[in-house]
Amino acid sequence: MTSKFTELAIDCADPNGLARFWCAVLDYEVQDEDEGIVAIGPPTVPDATNHPGPVPPTLTFARVPEGKTIKNRLHLDVNPTDREQDEEVRRLLDLGARHADVGQTGDESWVTLADPEGNEFCVLASRRP
């Protein structure tokens with residue numbers, strides 16, 4: 001038996017606000033909410049034990065007192081599924097993302113953005129789910 005990647009925990013100052021942002025980015029919905037913790041995931045989560053393909057992970061946002069101080073060592077990559085990369089980048093910027101400089105050369109095929117709390121993520125160009 002092996003482990004499955006089922007959840008990514010993200011420390012933040014505003015779990016509800018960050019959950020709303022990522023729900024809009026990923027077409028997820030809130031699955032669980034408790035004091036200082038919000039979990040989001042796809043609208044219909046398949047039964048992980050009977051599902052032959054990958055199970056989309058949930059994202060859990062937990063309120064912590066300290067702020068983000070350095071570049072993430074781990075980040076999300078997202079793929080636009082119904083539009084081109086530049087259109088998706090505009091949509092994400094309209095949702096509250098901003099461009100992030102993590103040392104790119106300008107020749108990358110991806111665009112690096114940051115969510116409203118500064119967590120970097122990339123919008124890929126060529127790979128579609």
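Note that the structure is predicted; figures quoted are calculated from it, not measured. (Residues numbered from 1 in each chain as written. Predicted model: local features only at pLDDT ≥ 70, side-chain atom pairs only at ≥ 80, totals over all residues. Heavy atoms only, no water.)

Caption draft 1: Main features of the overall build of the protein chain. The helix and strand inventory of the protein chain stands at two helices and eight strands. Mapped in sequence order, the helices and strands of the protein chain form the string β-α-β-β-β-β-α-β-β-β. Among the 129 residues that make up the protein chain, the fraction classed as buried is 34%. A total accessible area of about 8,400 Å² is found for the protein chain, and carbon and sulfur atoms account for 50% of it. (Helix = DSSP H or I, 4+ residues; strand = E, 2+ residues; numbered from the N terminus. Buried < 20%, exposed > 50% of the residue type's maximum accessible area, 1.4 Å probe, protein only. Areas by Shrake-Rupley, 256 points an atom, 1.4 Å probe, with all protein chains shown as cover.)

Caption draft 2: Up close: helix α2 (residues 85–95). Those residues of α2 lying buried are Gln85, Glu88, Val89 and Leu92. Down the axis of α2, the buried side of the element spans an arc of 100 degrees, and every buried residue falls inside it. At its buried positions, α2 is contacted by α1 (15–26), β5 (76–78), β6 (98–99), β7 (111–114) and β8 (120–123). Two residues or fewer past α2, Gly96 is found with a positive phi of approximately 125 degrees. (Arc of directions from axis to C-beta. Contact = heavy atoms within 4.5 Å.)

Caption draft 3: Seen up close, the layout of surface pockets. For the second largest pocket, the calculated volume is near 500 Å³. Counting residues per element, the ones that place at least two in the lining of the second largest pocket are β1 (7–12) and β8. Broken down by class, the residue content of the lining of the second largest pocket amounts to eleven nonpolar, five polar and seven charged. (1 Å grid on protein atoms, 1.4 Å probe; cavity = no way out; pocket = protein on both sides within 12 Å on 5 of 7 lines; lining within 4 Å. Points joined across faces, edges and corners; volume = space filled by probe spheres on them. Nonpolar A, V, L, I, M, F, W, Y, C, P; charged D, E, K, R; others polar.)

Caption draft 4: The arrangement of the sheet that holds strand β2 (residues 29–34) in detail. Pairing is mixed across the open sheet formed by four strands, whose spatial order is β1-β4-β3-β2. With partners counted over all chains shown, the strands left at the sheet margins are β1 and β2, one partner each. Averaged over all adjacent pairs, the angle separating strand axes in this sheet is 20 degrees, with direction ignored. In this structure, β2 lies alongside strand β3 (residues 37–41), joined through five bridges in antiparallel fashion. From the neighbouring strand, Glu33 faces β3, where its bridge partner is Val38. Running at roughly 160 degrees to strand β4 (residues 58–63), α1 makes contact with β1, β2, β3 and β4 of the sheet. (Pairing = 2+ DSSP bridges. Axes fitted to C-alpha atoms, helices over the stretch in contact; angles between N-to-C directions.)

Caption draft 5: The arrangement of a negative patch on the surface in detail. Together, Asp32, Glu33, Asp34 and Glu35 line one region of the surface with negative charge. Locating Asp34 in the fold gives a position in strand β2. (Patch = residues over 30% accessible without salt bridge, like charges linked within 9 Å, V, L, I, M, F, W, Y side chains within 5 Å. Salt bridge = Lys/Arg side-chain N within 4 Å of Asp/Glu carboxyl O. Lys, Arg positive; Asp, Glu negative; His and termini not counted. Charge placed at Lys NZ, Arg CZ, Asp CG, Glu CD.)

Caption draft 6: Highlighting the nonpolar core. Core analysis: the largest hydrophobic core is formed by 21 residues, its most contacted members being Trp22, Ile40, Phe61, Leu92 and Phe121. The element that contributes the greatest number of residues to this core is α1, accounting for six residues. Non-local contacts of Trp22, meaning those with residues more than four positions away in its chain, are made with Asp27, Ile40, Leu59, Phe61, Leu76, Val78, Asp115 and Phe121. (Core = buried A, V, L, I, M, F, W, Y, C linked by side-chain atoms within 4.5 Å.)

Any functional reading would require information that these geometric values do not contain.
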